[in-house]
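Residue-level structure breakdown
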Amino acid sequence: MKTLKRNIDAISFFEREKYGGQYVRNKCGRDFLYYALNYYYPEKFNNTLNNPTEIDGKKLFGTPVPAWLAWTQIQFWKVPQFLRAQNLQLFINSCAITSFANFAGAILSSKTSFAEAIRGIERAVDEDTASGIDISLGMGGLLDHVVFVYGYDTENLYVVDTHKVESLGYTATSGNKLLFKLAKEEIQKRWTRFGRVWKVVKM
């Protein structure tokens, strides 16, 4: 298995918050960005300082919304300038995200093939760049889930999440319940025109 350079034990894992005993829905983009920030700046973003719930509370990425309004993307309207202040830049399917308008555009219209996506993810790991794979959970890809990628082998990606999404069929790895083995075959089966690779690049 090829992985990012940082030891997995040095990543500050965070479990998704719950409300009424159920995990809060539609927070995967926030959680991916948290893991990317933790990867580059562990002293500033970790499970006790600027964790995902604090990121929402401080409105660092934008205006938090209920799960049913997540499609508006306004929870991310500050992301381009926020990342820029950290000397980072987000790319979605190779599209540089420089404003909220092109963030929303990339979410809706950028396209890449499954093969290109896997090559891009593996290249990001090889280059020690934070990246994520965004795949369909239903509705032809309109319902999706993005996860931080820690490593890969011939048949799988090894992804970091904040809770287990049962429908994805991924399995927790030995010793860590938030590091999962996600089969490339499962990703391909779920790939749609809305499939995306997210990369957070240090400038």
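Everything below is about the structure printed above this text.
A short tour of the structure in this document, coming up. The shown structure was predicted, so the numbers you read here are calculated from the model rather than taken from an experiment. (Residues numbered from 1 in each chain as written. Predicted model: local features only at pLDDT ≥ 70, side-chain atom pairs only at ≥ 80, totals over all residues. Heavy atoms only, no water.)

This part is about the overall build of the protein chain. Helix and strand content of the protein chain: six helices and 11 strands. For 203 residues, the compact-globule estimate of 2.2 N^0.38 gives 17 Å, and the C-alpha radius of gyration of the protein chain, at 15 Å, lies within 12% of that figure. Structurally, the protein chain occupies a C-alpha span of about 40 × 40 × 35 Å along its principal axes. Buried residues in the protein chain amount to 53% of all 203 residues. A fraction of 58% describes how many contacts in the protein chain between residues 6 or more apart in sequence connect residues 24 or more apart. Total accessible area on the protein chain is roughly 9,600 Å²; 54% of this is exposed by carbon and sulfur atoms. Charge separation in the protein chain, taken as the distance between the mean sites of 26 positive and 20 negative side-chain charges, equals 5 Å. (Helix = DSSP H or I, 4+ residues; strand = E, 2+ residues; numbered from the N terminus. Rg over C-alpha atoms; globule rule 2.2 N^0.38 Å. Buried < 20%, exposed > 50% of the residue type's maximum accessible area, 1.4 Å probe, protein only. Contact = heavy atoms within 4.5 Å. Areas by Shrake-Rupley, 256 points an atom, 1.4 Å probe, with all protein chains shown as cover. Lys, Arg positive; Asp, Glu negative; His and termini not counted. Charge placed at Lys NZ, Arg CZ, Asp CG, Glu CD.)

What follows covers empty space enclosed by the protein. Left-over empty space is what a probe sized like a water molecule reveals as it rolls over the atoms. Per the stated rule, a full pass over the model turns up one cavity of 30 Å³ or more. The calculated volume of the largest cavity comes to roughly 30 Å³. Lining the largest cavity, in full, are C28, D31, F32, Y35, V146, V147, F148, V160, D161 and T162. Considering each element in turn, the lining of the largest cavity owes the most residues, four residues, to helix α1 (residues 28-40). Per-class residue counts for the lining of the largest cavity are seven nonpolar, one polar and two charged. (1 Å grid on protein atoms, 1.4 Å probe; cavity = no way out; pocket = protein on both sides within 12 Å on 5 of 7 lines; lining within 4 Å. Points joined across faces, edges and corners; volume = space filled by probe spheres on them. Nonpolar A, V, L, I, M, F, W, Y, C, P; charged D, E, K, R; others polar.)

Comment: phi is negative for the bulk of residues other than glycine, and the bulk of peptide bonds are trans. Even without being a glycine, N50 presents a positive backbone phi close to 55 degrees. N50 sits in the buried class, given a relative accessible area of 12%. The backbone of D128 sits at a positive phi, close to 60 degrees, despite the residue not being glycine. By the secondary structure assignment, D128 is in the loop between α5 (114-126) and β6 (130-138).

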